[in-house]
Amino acid sequence: MKRQLSITVSTHPKPKFNVNLSALRRHYYLDQYVIIAPGRNNRPHGFTNLATPHVVVNAACPFCLDGEPTILAVPNLEHWRVRVVANAYPAVSLTNPNAYGAMEVVIESPDHTQEFSSLSVSHIETILRVYTERIASLSILPGIRYVLAFKNDGPLAGTSVTHTHSQIMALPLMPPRIEAEHVALSSYQDKHGTCAVCDLGCWEVEQNQRLITADSELLTIAPYASTHPYEAWFITKRHTTRLADLTAGELRRLATSLKYVTERLDRDLISFNFFVQEALPGDNHHLIIKLEPRVPMFYGGGEMATGIIINTIAPETVPHWYNETI
Ligand SMILES: [Zn+2]
Ligand SMILES: [Zn+2]
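Q: Sorry if this is basic, but what is going on with the packing of aromatic side chains here?
A: A complete count under the given rule lists five aromatic pairs for this structure. Seen from their ring centres, Tyr230 and Trp321 are 3.9 Å apart, and the 20° between their planes marks the pair as stacked. Here Trp321 lies in helix H6 (residues 318-323) and Tyr230 lies in the loop between strand S9 (218-221) and strand S10 (232-236), a separation of 91 residues in the sequence. You'll find Tyr230 and Trp321 in the same group, each marked buried.

Listed below in C-alpha cells is the structure:
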C-alpha cells in the first residue's frame, strides 16, 4: 500500500516553500510538529558563552531601546513597570498563513540589570496579571487554539536577550503535549470523580517529603516523578483553573514562591524555564505553574530510545536544597 504522508500543516491550501518565511510542519508519521523558522537565526544573542551570568550589560539591548511598538504597558511613576511588545523575530505571526500565530515579549522591567528573582513580590504579581490579560486577548483571535505564557531565564534555557523578559505564544493548534495532559486529567476525573491535582496536593501534604513551600493557599512541590533536577510545581490548594481565577492572596503567594525558588536557582547560576499550564477552554482542570531548571543533562542511548529520563537528583532532597540558607 502506498504510504500516506502528511507533512505540512497550514491554513493556506497549497503553501509554497519560501526560505524567508516560517512554516509549521508535521512529522512524517508521528504526532509531532515543528516550525521551520529560518528568520530566527537573525536573533541577537547577548550571551557570549554558556557560563555567562544572566545579567550582561548590552548597550544595544532591544528591550532597553524601546524600538518595538507597545502592545500593553503597566505604568509606574517614572516610566513603565512591565511592557508588552511583539516579538521582533517571531516563529509564528498573524500575517503568515504557513506559520500562523502570535509571539509577544513581556519586558518585565525597564532596568536592564534586574533579574526576575530580584524584582519585588508586587512587581512579579504585576507580571502575572499581564500574562492573564494577554492570554485573554490572544485567546479570542480567530484561528487561535492555544495560548501559553512562559519564561526562559539564563543561557541554557533558550534565552537570547539578557534583559529580563517572558513570552506569550498563541498557536493555531492544540500542542500534543498539552492535549496529552488534558486527556490524562480528564481520564482521572472520569475514573475517580475528583481532580488529580487537588488529590496529588493532598497526598504531598500528607507525605510531607517534597514540599518546598506550603501554606493555606499555595503549595510548591518537588514532583514525585520529577524528570529534571530541582523541578518545582506551584499549585493552589483551592481548585483553580486559570491565573485569572486566583484571589489577590493566592496571586501574592504565587509571586512570593516564584521569587523564592528563582532566587535559589540564580544563586547557583542555574538556567530555568517556567510556564503556565491553564485549563483549556471548556474543561475544568487545575492550574499548574511548572518550573524546569535546565541543569545540563546529556542523554544517552537509553533515554533517546525510550524517552525515560534518568534524573540523578531525588525530589525528596530538593526542598532542603531550596530551603538551605547561604
Ligand atoms: Zn536591556
Ligand atoms: Zn483541583
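That was the structure; now back to the text.
Q: Help me out: how do you make sense of the confidence of the model for the protein chain in this one?
A: Low pLDDT means the predicted coordinates in that region are not meant to be read closely. The pLDDT averaged across the protein chain works out to 85; a share of 83% of its residues lies at or above 70. Note on residues 1-17: pLDDT under 50 across the span, and 24 contacts to partners over four residues away in sequence or across chains. With pLDDT under 50 throughout, residues 48-56 is counted as low confidence; its partners more than four residues away or in other chains account for 23 contacts.

Q: What's the story with the coordination of the zinc ion (ligand 1) in this structure? I'm lost.
A: Any two of four tetrahedral donors ideally make an angle of 109.5 degrees at the metal, while pairs among six octahedral donors ideally make 90 or 180 degrees. Around the zinc ion (ligand 1), the protein supplies Cys61 (SG), Cys64 (SG), His112 (ND1) and His163 (ND1) as donor atoms, at distances of 2.0 to 2.3 Å. Relative to the metal, the four donor atoms surrounding the zinc ion (ligand 1) lie at angles of 105 to 119°, and the coordination shape comes out tetrahedral. Each donor residue of the zinc ion (ligand 1) lies on one chain, and together they are spaced C-x2-C-x47-H-x50-H. With Cys64 in the loop between strand S2 (33-36) and strand S3 (70-75) and His163 in the loop between strand S6 (146-153) and strand S7 (165-171), this pair connects stretches of sequence that are 99 residues apart. Residue Cys64 is classed as partly exposed on the basis of its relative accessible area, which comes to 36%. With a relative accessible area of 0%, His163 lands in the buried category.

Q: Got a minute to help me understand helix H1 (residues 121-139) in this structure?
A: For an α-helix the count is 3.6 residues per turn, leaving residues at separations of three or four pointing the same way. Compared with the 27 Å implied by 1.5 Å per residue over 19 residues, the 27 Å span of H1 between its first and last C-alpha is a close match. Taken together, the buried positions of H1 are Val121, His123, Ile124, Glu125, Thr126, Ile127, Leu128, Val130, Tyr131, Arg134, Ile135 and Leu138.

Q: What should I look at first to understand the pattern of salt bridges in this one?
A: Considering all chains together, one arrives at 13 salt bridges under this definition. Ionic pairing is found between Glu316 and Arg210, a salt bridge with its closest N-O pair at 2.5 Å. With a gap of 106 residues between them, Glu316 in the loop between helix H5 (301-306) and H6 and Arg210 in the loop between helix H3 (196-207) and strand S8 (211-214) connect regions that are remote in the sequence. What makes Arg210 buried here is its relative accessible area of 1%. Residue Lys259 pairs with Glu263 through a salt bridge whose shortest N-O separation is 3.2 Å. Here Lys259 and its partner Glu263 are both found in helix H4 (residues 248-267), four residues apart, which amounts to about one turn of the helix. For Lys259, a relative accessible area of 17% gives the class buried. Exposure remark for Glu263: the relative accessible area of 37% places this residue in the partly exposed category. When salt bridges that share partners are traced, they join Glu108, Lys151 and Asp153 into one network.

Q: Looking at this structure, I do not really get the sheet that holds S9. What am I missing?
A: Working definition: the strands of a sheet are paired by backbone hydrogen bonds and lie parallel or antiparallel to each other. Reading across the sheet, the 10 strands line up as S3-S4-S5-S7-S6-S11-S12-S10-S9-S8 and stay open at both edges, with antiparallel pairing between neighbours. Edge strands, defined here as strands with exactly one partner in the open sheet, are S3 and S8. Here the strands of the sheet are splayed against their neighbours by 15° on average, with no regard to which way each runs. The pairing of S6 with strand S11 (residues 272-277) spans four bridges and is classified as antiparallel. Paired with Lys151 across the bridge in S11 is Phe274. Docked against the sheet, H4 engages S6, S8, S9, S10, S11 and strand S12 (288-293), running at close to 5° with respect to S12.

Q: Got a minute to help me understand unusual backbone geometry in this structure?
A: Note: most peptide bonds trans; most residues except glycine with negative phi. Even without glycine at this site, Asn208 takes up a positive phi of about 50°. Given the relative accessible area of 56%, Asn208 is considered exposed. Positive phi, close to 55°, is recorded for Leu269, a residue that is not glycine. Looking at the element boundaries, Leu269 is found in the loop between H4 and S11.

Q: Sorry if this is basic, but what is going on with the nonpolar core here?
A: In a soluble, globular protein the nonpolar side chains are often hidden away together inside. The biggest cluster of nonpolar side chains holds 45 residues, and the ones touching the most others in it are Tyr131, Leu254, Leu258, Leu265, Ile289, Leu291 and Tyr322. Broken down by element, the residue count for this core peaks at eight residues, all from H1. When residues of this core are assigned to domains, at least three fall in each of domain 1 (53-171) and domain 2 (176-323). Sequence-distant contacts of Leu254, that is, excluding residues within four places in its chain, are made with Leu128, Leu218, Phe234, Leu243, Leu246 and Ile289. In terms of nonpolar packing, the next biggest core, distinct from the first, is built from 12 residues, Ala99, Met103, Leu148 and Phe150 among them.

Rules and cut-offs
Along each chain, residue indices are assigned from 1 in the same order as the chain's sequence is written. Written order decides the labels, with chains lettered from A and ligands numbered from 1. With pLDDT at 70 or above as the cut-off, local features in this predicted model cover only qualifying residues; side-chain atom pairs require 80 or more to be listed or tallied, and sums for whole chains, interfaces and linings still use all residues. To get the side-chain values, take all heavy atoms of the structure and skip hydrogens and water. Each pair of aromatic rings taken from Phe, Tyr and Trp, with Trp reduced to its six-membered ring, is defined by centres within 6.5 Å and is described as stacked if the planes are under 30 degrees apart, edge-to-face if over 60, and tilted in the remaining cases. The way it works is that DSSP assigns letters per residue, a run of H or I at least four long becomes a helix, a run of E at least two long becomes a strand, and they are numbered from the N terminus. Three exposure classes are used, based on accessible area relative to the maximum for each residue type with a 1.4 Å probe and protein chains only: buried under 20%, partly exposed in between, and exposed over 50%. pLDDT measures how confident the predictor is about each residue, on a scale from 0 to 100. Contacts between residues were defined by any pair of non-hydrogen atoms, one from each residue, lying within 4.5 Å. Counted as donors are N, O and S atoms no farther than 2.8 Å from the metal, or 3.2 Å for Na, K and Ca; water is not among the atoms, and sites may therefore look incomplete. Only four donors with every angle between 85 and 135 degrees are called tetrahedral; only four or six donors with opposite donors over 155 degrees apart and all others between 65 and 115 are called square planar or octahedral, in that order; all others are irregular. Under the convention used throughout, the expected extent of a helix is 1.5 Å for every residue step, that is, one less than its residue count. Every case where a carboxyl oxygen of Asp or Glu lies within 4 Å of a side-chain nitrogen of Lys or Arg is listed as a salt bridge. Any two strands between which DSSP finds at least two bridges are classified as paired. Note on geometry: axes are C-alpha line fits, over the in-contact stretch for helices, and angles between N-to-C directions span 0 to 180 degrees. Here, nonpolar core means buried Ala, Val, Leu, Ile, Met, Phe, Trp, Tyr and Cys residues that are tied together by side-chain atoms lying within 4.5 Å of each other. A domain assignment, automatic or from a database, supplies the domain bounds used here.

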